[in-house]
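# Analysis of the macromolecular model
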Amino acid sequence: MKIRRLFAPAAVAAVTAPAAPITAAPITAAPITAALITAALITVTPAFADTAPAEPRPQAPSPGRAAADDVAPPSLMELEKTAAAARQAYDAAVAAEAAALRDLARELSDRSSLAVAAAEAARGAEAASRAERAAADRLAEAEADLKGLPEAATEAERARAEQDVAAALTAAEDAADAEEAAASRAKEAAGARDDARTAAAGRAHRAEQDTEKALAAKEAADKALAGARKEAEAGACVPEDRLTVAATGLPARITAGTTVDFTVRVTNGTDRTLDEVWPYVKVEGADDLLDVLWSTDGSPEWQDADADHYAGAVEKLAPGAHADVRLRLVVGSSLPAGGGVASVAADYLNDDMSCGGTPEFLEYGFDVVAAAPPAGPAATRAASPGAPARAAAAPRPVGATTAAAPRPVGATTAAGALADTGPASALSAAVLAGAAAAAGTGALVAVRRRTRDGGV
């Protein structure tokens, strides 16, 4: 027995060790943490912390694509690729988060270019403000001196006082303009610094979220891979409905004491090469197992199917490719009349120990006709005079009979024709079985595969 006949989806039950986090060397004395990022966001732009990312909108499946429930389980190789990609994505996310944290630390530092510019602008604004206050004080003093001149003051003294007031007024106005310009420059510099810090905090926040998502995806991929490896080690396999089999050339009536040749085609409809595929052919007639021989282009000599009913092996079956196995059914002459059935399936095993098989048997029904009794002495009567002798029947190629060929339930063919015995219809086994009982032999039925203990 090469592969167990009980197929089950891959379990995902392994726990993986989390990867060590990457921490950046801080530029400032205080370490950059999630709490610091949140505080920076709230301090600079309070509305930022309340903005939640929009939930992704569900998308309808594209026309012609199968729904998720119809997709075959991924192979071990596919899971390994997914896990490797998830690990790479996580490593990239960790590196991106570390870079974002370093960038945030630089922006929060007083040594950043924008912070230095803002500090210089603030000092300039403070100096301009002091100059403006001093000029205003000088103007007030000049006005007070002019107002305090005695009545006996000369015209020259009064003119000099008025000139001092005018000069102080001009200086005060110039200082006020300079103070306003310096304050504007300080406000712009502080705004640029705060905007840069807000942007850096936002990038760090998003990078942190991306790392969390990448870690969750990595852990899920590692868990799925570990479960698949565990099942592969235990010998459990998965059903693969993209691996298909079909028999052609099997007649609907077979006479005891003859041999019948037919063909089974195995087709790989998956997107990967199947390293070794074993066609499974089991034929029963009148409750007895019948002998099945097989041959292929690579092994042209006829060989017996093994004890588990595998008829040879096909190696390296590429995606979309098919292989034909020639089969010869040997029917003993003592086999009594009755019903018969040929069960066809296929299993595979890859080099990475992933395995599986067709989820159903295709069962081709036929009738067994008892061998004609040997002719007695009465059968050797001489022909009537004048009657021409009857010509012997021409020999027929092996597999060609006058019986009707197997056909899907509900189809009818004329006697003597070989009907196509390709893949079964999508009808359930119960419906097909009921129809087979009504239609008699020549039925093609898809039957869910069972365990070996169940007799299959």
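Residues numbered from 1 in each chain as written. Predicted model: local features only at pLDDT ≥ 70, side-chain atom pairs only at ≥ 80, totals over all residues. Heavy atoms only, no water.

Attention shifts here to the sheet that holds strand β2 (residues 243-248). What the five strands build is an open sheet, ordered β2-β4-β10-β7-β8; its pairing is antiparallel. If you trace the sheet from one side to the other, it starts and ends with β2 and β8 (303-304), each paired once. One ladder, built from two bridges, connects strand β7 (residues 291-295) with β8; its direction is antiparallel. Within the sheet, the bridge partner assigned to W294 lies in β8 and is Q303. (Pairing = 2+ DSSP bridges. Helix = DSSP H or I, 4+ residues; strand = E, 2+ residues; numbered from the N terminus.)

Side chains A323, V325, L327 and L329 of strand β10 (residues 322-330) all project onto a buried face; the interleaved residues H322, D324, R326, R328 and V330 project onto a face where none is buried. Note: strand β4 (residues 259-268) against β10, nine bridges, orientation antiparallel. Bridge pairing in β10 places V264 opposite V325. In the sheet, β7 pairs with β10 via five bridges, with the strands oriented antiparallel. By the bridge assignment for β10, S295 is matched with R326. (Buried < 20%, exposed > 50% of the residue type's maximum accessible area, 1.4 Å probe, protein only.)

Moving on: the pattern of salt bridges. Within this structure, the stated rule accounts for 14 salt bridges. A salt bridge links E80 to R229, with the nearest nitrogen and oxygen atoms 3.5 Å apart. Residue E80 is located in helix α3 (residues 76-108), and its partner R229 is located in helix α5 (residues 155-234); the two are separated by 149 residues in the primary sequence. Accessibility expressed as a relative area gives 27% for E80, which makes it partly exposed. Between R242 and E240 there is a salt bridge, with its nearest N and O atoms 3.0 Å apart. In this structure R242 comes out as partly exposed when scored by relative accessible area, which is 31%. For E240, a relative accessible area of 5% puts it in the buried group. Several salt bridges converge on common partners, so that one network encompasses R87, K218 and D222. (Salt bridge = Lys/Arg side-chain N within 4 Å of Asp/Glu carboxyl O.)

Here we take up the packing of aromatic side chains. Tallied over the entire structure, the rule returns three aromatic pairs. Taking the centre distance of 6.0 Å and the plane angle of 65 degrees together, the rings of W278 and Y310 count as edge-to-face. Residue W278 is found in strand β5 (residues 274-285), and its partner Y310 is found in the loop between β8 and β9 (314-317); the two are separated by 32 residues along the sequence. Per residue, the accessibility class of W278 equals that of Y310, and both read buried. Consider the rings of Y280 and F361, whose centres lie 5.3 Å apart with planes at 45 degrees: the pair is tilted. Remark: F361 occurs in strand β13 (residues 360-369) and Y280 occurs in strand β5; sequence separation between them is 81 residues. Like Y280, the residue F361 is buried in the burial classification. (Phe/Tyr/Trp six-rings, centres within 6.5 Å; stacked < 30°, edge-to-face > 60°.)

Relative to the assigned elements, G257 resides in the loop between β3 (253-255) and β4. Exposure remark for G257: the relative accessible area of 47% places this residue in the partly exposed category.

For the rest of this paragraph, the subject is the pairing of β13. By the criterion of burial, β13 is predominantly enclosed, with seven of the 10 residues buried. Direction of pairing for β3 relative to β13: parallel, over a ladder of three bridges. Paired with R253 across the strands is D367, a residue of β13. Looking at chain direction, strand β11 (residues 338-349) and β13 are connected through seven bridges and run antiparallel. Residue pairing for β13: V341 is matched across the bridge by G365.

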